[in-house]
Amino acid sequence: MIRVGRARAHTNIALIKYWGKRDKALFLPMNSSLSLTLDAFYTDTEVVFDAHLTEDYFFLNGQAQSPEETSKISRFLDLFRQETGENRNAKVTSYNFVPTAAGLASSASAFAALSLAVSEALSLDWDRQTLSTFARRGSGSSTRSLFGGFVEWQMGTGSKDSYAVPIDPADWDIGMIVLAINTERKSISSRVGMDHTVATSPFYPAWISSAKTDLEAIKEAIKHKDLVKVGQITEHNGMKMHATTLSADPPFTYFEPESIRVQGLVRHVREELGLPAYMTMDAGPNVKVLCRASDMTSLVEALAKQFPKEKIITSRPGPAAYALTEEAWLETVAVFEASDE
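Small disclaimer: the values here were computed from a predicted structure and weren't measured.

**Student:** Any chance you could explain the pairing of strand S7 (residues 89-97) here in plain terms?
**Tutor:** Moving residue by residue along a regular strand, the side chains alternate between the two faces of the sheet. One ladder, built from nine bridges, connects strand S4 (residues 33-50) with S7; its direction is antiparallel. Bridge pairing links Tyr42 to Phe97 in S7. As paired strands, strand S5 (residues 57-60) and S7 are joined by four bridges and run parallel to one another. In the strand pairing of S7, Phe59 is matched with Thr93.

Quick look at the structure:
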């Protein structure tokens, strides 16, 4: 017997960062976080449980993955197999419409899509909060990609209550601009950088305390639809996170020279146009700009005077993860194959 599930999940960009685990095995965070799901980047995944398979297989963007990468997927699938009694091996096929490991939250959409695809294949009747506790074991930020708009990942007290909850649909003229400085695989993974920072940065305890304060403040600003306040908190929180990497021992940074130049460019455009446009950066060199969706055209035109327009990507808030029909899945395969030619 074969069971098939397919799903799409969009990436999310953290406005209040998740940076550090208090439990590495369970992926329990040191602090709660908050993000915005984006419609511009997503992962489509199909999982096939088949009794004829002698092992798990993992294909990403049309390529069979290494035994090491496949074993990560197997361990993740084992969480579901152990919970449900499922004993079949699986073939996982994913198409990532996000640059992988470049600080654009590819792992978030990847594990959210895989979690929902497994849920569809096994006909699980779990609510999204429960599913997010499983997604979290693949990538912490994937908890948030199961929902759309503004989403909070609550740190919880243990594994069962460390899950994501939707905060606001972000349907009040919210936009985000991504300045793609470098979309190649980064030299220091988020997990490695995070662990090193937690272990060695003297600034880290202050970061945790500050992040808690920032979270409450940004939720209040979202409640009042105060984009300026949301942006100010977002920008400050992101820079504070990166300050912890600079204070690690030895210090490191995800900034590239172009990242710093673009930060100055965003500030200049904000002041020049008088428009709310606030930056943030995850564990990678690319700069994201939170703004009004209605201002994106003006902001892109201004930014494009000093930054390649083909590397400027605009996005509106994205939806919650959802199941894909077979027809939609075949369209994904065709689109990817056409773009890969």
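**Student:** Whenever I open this one, the packing of helix H1 (residues 67-84) against helix H2 (residues 106-121) confuses me. Can you help?
**Tutor:** Describing two packed helices takes the angle between their axes plus the distance from one axis to the other. Here H1 crosses H2 at 40°, and the two axes come no closer than 11 Å. Classed by the angle they form, the pair H1 and H2 counts as oblique. Two packed elements cross with a definite hand, and for H1 against H2 that hand is right-handed. Together, Ile73, Phe76, Leu77 and Phe80 of H1 and Phe111, Leu114, Ser115 and Val118 of H2 make up the contact between the two elements. Residue classes in the contact of H1 with H2 are distributed as seven nonpolar, one polar and no charged.

**Student:** I'm lost on the sheet that holds strand S11 (residues 277-280) in this one. Help?
**Tutor:** Sheet strands pair via backbone hydrogen bonds, and the direction of the pair is either parallel or antiparallel. In space, the four strands of this open sheet follow the order S11-S12-S10-S13, with antiparallel pairing throughout. The open sheet terminates on both sides in strands that have one partner only, identified here as S11 and strand S13 (312-315). Pairs of neighbouring strands in the sheet enclose a mean axial angle of 25°, with direction left out of account. Where strand S10 (residues 174-179) and S13 come together, four bridges link them in antiparallel fashion. Residue pairing in the sheet places Ile177 in a bridge with Thr314 of S13. Seen against the sheet, helix H7 (residues 227-246) touches S10, S11 and strand S12 (287-292) and runs at an angle of roughly 25° to S11. Sheet strands in contact with helix H9 (residues 296-303) are S10, S11, S12 and S13, and its direction is about 20° off that of S10.

**Student:** I keep staring at the pattern of salt bridges and nothing clicks. Help me out?
**Tutor:** Close approach of charged atoms lets side chains of opposite charge pair. Counting across every chain of the model gives 14 salt bridges. A salt bridge links Arg6 to Glu46; the shortest N-O distance between them is 2.8 Å. One end of the pair, Arg6, is in strand S1 (residues 2-16); the other, Glu46, is in strand S4, with 40 residues separating them in the sequence. Residue Arg6 shares its accessibility class with Glu46, and that shared class is buried. Note that Glu69 is salt-bridged to Lys72, the shortest N-O span being 3.3 Å. Residue Glu69 and its partner Lys72 are both found in helix H1; the two are separated by three residues, about one turn of the helix.

Conventions and cut-offs
Here, residues in each chain are numbered from 1, in the same order as that chain's written sequence. Whole-chain, interface and lining totals are the exception, using all residues; otherwise, since this is a predicted model, local features are given only for residues with pLDDT of at least 70 and side-chain atom pairs are given and counted only at 80 or more. Here the side-chain values reflect all heavy atoms present in the structure, with hydrogen atoms and water set aside. In this analysis, strands are considered paired if DSSP registers two or more bridges between them. Counting from the N terminus, the helices are DSSP H or I runs at least four residues long and the strands are E runs at least two residues long. A fitted line through C-alpha atoms represents every axis, and for helices the fit uses only the stretch in contact; the resulting angles, taken between N-to-C directions, go from 0 to 180 degrees. Any angle between 65 and 115 degrees counts as roughly perpendicular, while under 35 counts as roughly parallel, over 145 as roughly antiparallel, and the rest as oblique. Working rule for handedness: look at the near helix, and if it is turned counterclockwise from the far one by less than a right angle, call the crossing left-handed; if clockwise, right-handed. Contacts between residues were defined by any pair of non-hydrogen atoms, one from each residue, lying within 4.5 Å. In this count, Pro and Cys sit with the nonpolar residues alongside Ala, Val, Leu, Ile, Met, Phe, Trp and Tyr, while Asp, Glu, Lys and Arg are called charged and the others, Gly among them, polar. The rule for a salt bridge is simple: a side-chain nitrogen of Lys or Arg has to be within 4 Å of a carboxyl oxygen of Asp or Glu. Burial classes follow relative accessibility: with a 1.4 Å probe on protein chains only, a residue under 20% of its type's maximum area counts as buried, one over 50% as exposed, and anything between as partly exposed.

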